[in-house]
Amino acid sequence: MGHSELGLERIVRIEPPEQHFTLLRNEDGDYLGSEDGDRLQLYNYVDDKAVWNRSASDTFRHPATGTHLDIDRNGNGHLLSHKGAEIGVDGNPSEELATYTAHHGPALMPSDYLATFKENGWVCLASVLSPDIVDELERVSCCGRWSDRVYDRETPLLNQTNAVARASVEPVSLWLIRQYLSTEEIRLAHSPGLAVLTPDDGKRDVQGWHSDFPYLWGITRKRGDDQRIPKGMSGHISMGVQRNICVSEFTRENGATCFKLGTHVLNSGPPEEWGTGSIYAQRGHRASHGLPYDGPEADIIEAPSGSIILYDARTWHRAGVNRTDQRRAAILEAMTPSFLMPFGDTSMPYKQFMKGPIVDQLLKRDQTAFAELMVHKVIGPGGMGAITVDKELTELFQA
Ligand SMILES: [Fe+2]
């Protein structure tokens, strides 16, 4: 295959972590943690309070406070005690023992990721997803060891595996997005979608430089698309975080996303001379003009599989070019505050998901977390109502 020349972008390499923290969850999926080290509590989110470290001896250490839990029994889960008292299902001392399970957690403390995110406008949570979730995502995207599998075009993605919803509710990245956007009320602006980059042939159309939803600077499919959020006016408040879930390892060769890191602070889109999304949306433009800007001013984030890259949606970027012979998969999620109109309809995929078999495979906490992300609401008759696309009204509008 005639691969084009590699670009000259600066490489920012995120190495696979040597160790991960542990998250402890009760049978509903709530996270066990502590504010002060004296009392344990359940949380519906994960910041430093809910991060544990399994030590070689049978204990979980709590790095935020220095307290520790003793593991009374191992099996499918752990029976735990704290300061000599056994822990019940609500995190308090109890005679009725409860089982907690240990889950794959982040490599760094959530507050460390947050400091990086706020300072740079992007952060990478290296291999934050557990290997079983990554393997399932590779299976449905037919990548890695599943390359010979045939992609299922019939079943909606959310109904193919519980791994898409489980990846979507990864709790540290959600906490970070809430902190970065300064609101608890965040939503998926469209249903999670697979982005599979197949090997490049040297002439096919490619994506040009742009900013993501809600900004869409650099992309004008129809008049006004890129004026949704006026340039120069969003100031210090960000209205979107893009969440790229690296299903495959991201490398320069296989088409890791290409960025101009730090451009979120400019509050304007990429320059036309870099080759914007609008320009490269014209059929055949790449074949006749070559690739968009891929010089040393641009940055490529290389990251291990199972990583989640969060970036301010204003950051200039474009999809990479896959110069390997293997497919490369990612899941792309635009996350916005709930006060913004979504980009796409999430109600239909969510309704199909709720009617399918997958939802029952999720822990209760994950079901709730996913519903919070997918269901957009307004006041309707009888109180808060979920919004959806109205077929009848759409037809009237189109008439
Ligand atoms: Fe994008």
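So, how was this worked out
- Residues numbered from 1 in each chain as written.
- Predicted model: local features only at pLDDT ≥ 70, side-chain atom pairs only at ≥ 80, totals over all residues.
- Heavy atoms only, no water.
- Phe/Tyr/Trp six-rings, centres within 6.5 Å; stacked < 30°, edge-to-face > 60°.
- Helix = DSSP H or I, 4+ residues; strand = E, 2+ residues; numbered from the N terminus.
- Domains from an automatic or database assignment.
- Buried area = accessible area lost by both parts, 1.4 Å probe.
- Polar contact = N/O pair within 3.5 Å; in protein donor to acceptor, adjacent residues only side chain to side chain.
- Core = buried A, V, L, I, M, F, W, Y, C linked by side-chain atoms within 4.5 Å.
- Buried < 20%, exposed > 50% of the residue type's maximum accessible area, 1.4 Å probe, protein only.
- Contact = heavy atoms within 4.5 Å.
- Donors = N, O, S within 2.8 Å, 3.2 Å for Na, K, Ca; no water.

The next subject is the packing of aromatic side chains. According to the stated counting rule, one finds 11 aromatic pairs in the structure shown. Pairing Phe-117 with Tyr-180 gives two aromatic rings, centres 4.0 Å apart and planes at 15°, and the pair type is stacked. Taken together, the residues span a long stretch of sequence, with Phe-117 in helix α1 (residues 110-120) and Tyr-180 in helix α5 (residues 171-181) at a distance of 63 residues. A ring pair is formed by Trp-274 and Trp-316, whose centres lie 5.6 Å apart and whose planes are at 80°; its orientation type is edge-to-face. Here Trp-274, found in the loop between β15 (258-260) and α6 (277-280), pairs with Trp-316, found in strand β18 (residues 316-318); they are 42 residues apart in sequence, far enough to count as distant.

Before going further, it helps to examine the domain arrangement of the protein chain. Many authors give the size of an interface as the accessible area that is lost as the parts come together. Here the domain parsing of the protein chain yields domain 1 (22-104) and domain 2 (109-338). Taking the mean C-alpha position of each, domain 1 and domain 2 sit 34 Å from one another. A per-residue breakdown of the area domain 1 buries against domain 2 is headed by Val-46, Asp-48 and His-104, which together make up 60% of the total. For the interface between domain 1 and domain 2, the tally reads two residue pairs in polar contact (both at pLDDT 80 or more).

As a further point, take the nonpolar core. With 54 residues, the main nonpolar core has Leu-125, Leu-129, Leu-137, Leu-176, Leu-310, Phe-353 and Phe-370 as its most contacted residues. Top contributing element to this core by residue count: α5, with seven residues. Both of domain 1 (22-104) and domain 2 (109-338) provide at least three residues apiece to this core. With near-sequence residues (within four places) excluded, Leu-310 lies in contact with Phe-117, Gly-121, Trp-122, Val-123, Leu-125, Ser-173, Leu-176, Ile-177, Val-241, Gln-242 and Arg-243. With 21 residues, the next largest nonpolar core counts Trp-122, Phe-259, Ala-298 and Ala-303 among its residues.

Next up on the list: the coordination of the iron ion. Coordination of the iron ion by the protein is provided by His-210 (NE2), Asp-212 (OD) and His-317 (NE2), with metal-donor distances spanning 2.1 to 2.2 Å. The sequence motif formed by the donor residues of the iron ion is H-x1-D-x104-H. Taken together, the residues span a long stretch of sequence, with Asp-212 in the loop between β13 (193-197) and β14 (241-246) and His-317 in strand β18 at a distance of 105 residues. An identical accessibility class is assigned to Asp-212 and His-317; each is buried.

All buried positions along helix α2 (residues 131-141) are accounted for by Ile-133, Val-134, Leu-137, Glu-138, Arg-139, Val-140 and Ser-141. Positive phi appears at Cys-142, one or two residues downstream of α2, with a value of about 55°.

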